[in-house]
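# Examination of the molecular architecture
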Amino acid sequence: MTGIATAFRALAATAAALLALTGTAPAAQAKPEPKAPREFVSLRSVDPTIIQEMRYPTAHDFMGEPVDGYRQSVCILTRPAAEALHRAQLRLLRQGYSLKVYDCYRPQRAVDHFVRWAKDLDDETMKGEFYPRVDKSRLFADGYIAEKSGHSRGGTVDLTLVRLPALPTRPYRPGEKLVPCYAPQTDRFPDNSVDMGTGFDCFDTLSHTDDPRVQGVQRANRQFLKRTLAEAGFVNLAEEWWHYTFQPEVFPATYFDFPVARRSVAGH
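All of the points below concern the structure found in this document. Everything numeric in this text was worked out from a predicted model, so none of it was measured.

A few words on the pairing of strand E7 (residues 243-246). Judged by which residues are buried, E7 turns out to be covered on both faces: His243 and Thr245 on one side and Tyr244 and Phe246 on the other are all buried. In this sheet, E7 lies alongside strand E5 (residues 156-163) in antiparallel orientation, the contact comprising three bridges. Pairing of Val157 across the sheet is with Tyr244, part of E7. Across three bridges, strand E6 (residues 234-236) lies against E7 in antiparallel orientation. The residue bridging Phe234 from the neighbouring strand is Phe246, located in E7. Where E6 hands over to E7, the hairpin turn is made up of six residues, counted between the paired strands.

Now for the pattern of salt bridges. One pass over the full model with this rule turns up 19 salt bridges. One salt bridge connects Glu33 with Arg109, and the closest N-O pair in it is separated by 3.4 Å. Of this pair, Glu33 sits in the loop between helix H1 (2-24) and strand E1 (40-42) while Arg109 sits in helix H4 (residues 108-119), placing them 76 residues apart in sequence. A residue is classified by how much of its surface remains accessible, and Arg109, at 18% relative accessible area, is buried. In this structure, Arg55 engages Glu53 in a salt bridge whose closest nitrogen and oxygen atoms are separated by 3.3 Å. When its relative accessible area of 6% is taken as the criterion, Arg55 is described as buried. Sharing partners across several salt bridges, the network here consists of Glu33, Arg71, Arg109 and Asp257.

The rules behind the values
Residues numbered from 1 in each chain as written. Predicted model: local features only at pLDDT ≥ 70, side-chain atom pairs only at ≥ 80, totals over all residues. Heavy atoms only, no water. Buried < 20%, exposed > 50% of the residue type's maximum accessible area, 1.4 Å probe, protein only. Helix = DSSP H or I, 4+ residues; strand = E, 2+ residues; numbered from the N terminus. Pairing = 2+ DSSP bridges. Salt bridge = Lys/Arg side-chain N within 4 Å of Asp/Glu carboxyl O.

Listed below in structure tokens is the structure:
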């Protein structure tokens, strides 16, 4: 019994020593995710009537896969930009239309994902829909991809118009036949928006807001969107009919990297 007791005491001493060492060792902890500054809000908390069809958490984008940093399908913007969209929406609702957003705040890690994809010239999974007439090696030179985006500052939004009552957009099926984004609206991927002449994120000069080849109803729809948002304080990017930035920006020179998730703006 004495030998057994001695052995137990030795084991206990060893265990105590190990516990002491464990207690003094620094704990390995995952780096916490950054949260949004108080100036950022969920658009839905400001205006729940604006339709949200967030593309980048899905596979229906120009890369064909969900984009880094998009954890949930939620539109996040600075509060002034969200409130300005609300003012525009009130005017549109009276005329039988609604805004629909495709993308809002975009984390820097998402932009970095775009850059990595653009440098991989072998990956042309979605070329048939989003950039059929553009050689992928030209995406940087032609301005379709850049290492920084105004979306990361929180005041820029990609959006369109939907005639009410809105029909749902059917889900994209990965691997389905791709149709050029500039094809007639009846042929390209079905979207419940009004006809703007091209689909969203169409890498083509036809996406330029005032391209003279876009006429008739398509041109009128673009000008209606532009006029409505200009009255609310937004400035259009001439190369993309869907791209608008609220002025003045709350963060004109800061590129944020918190994830697109409801927890990023919880309590704001």
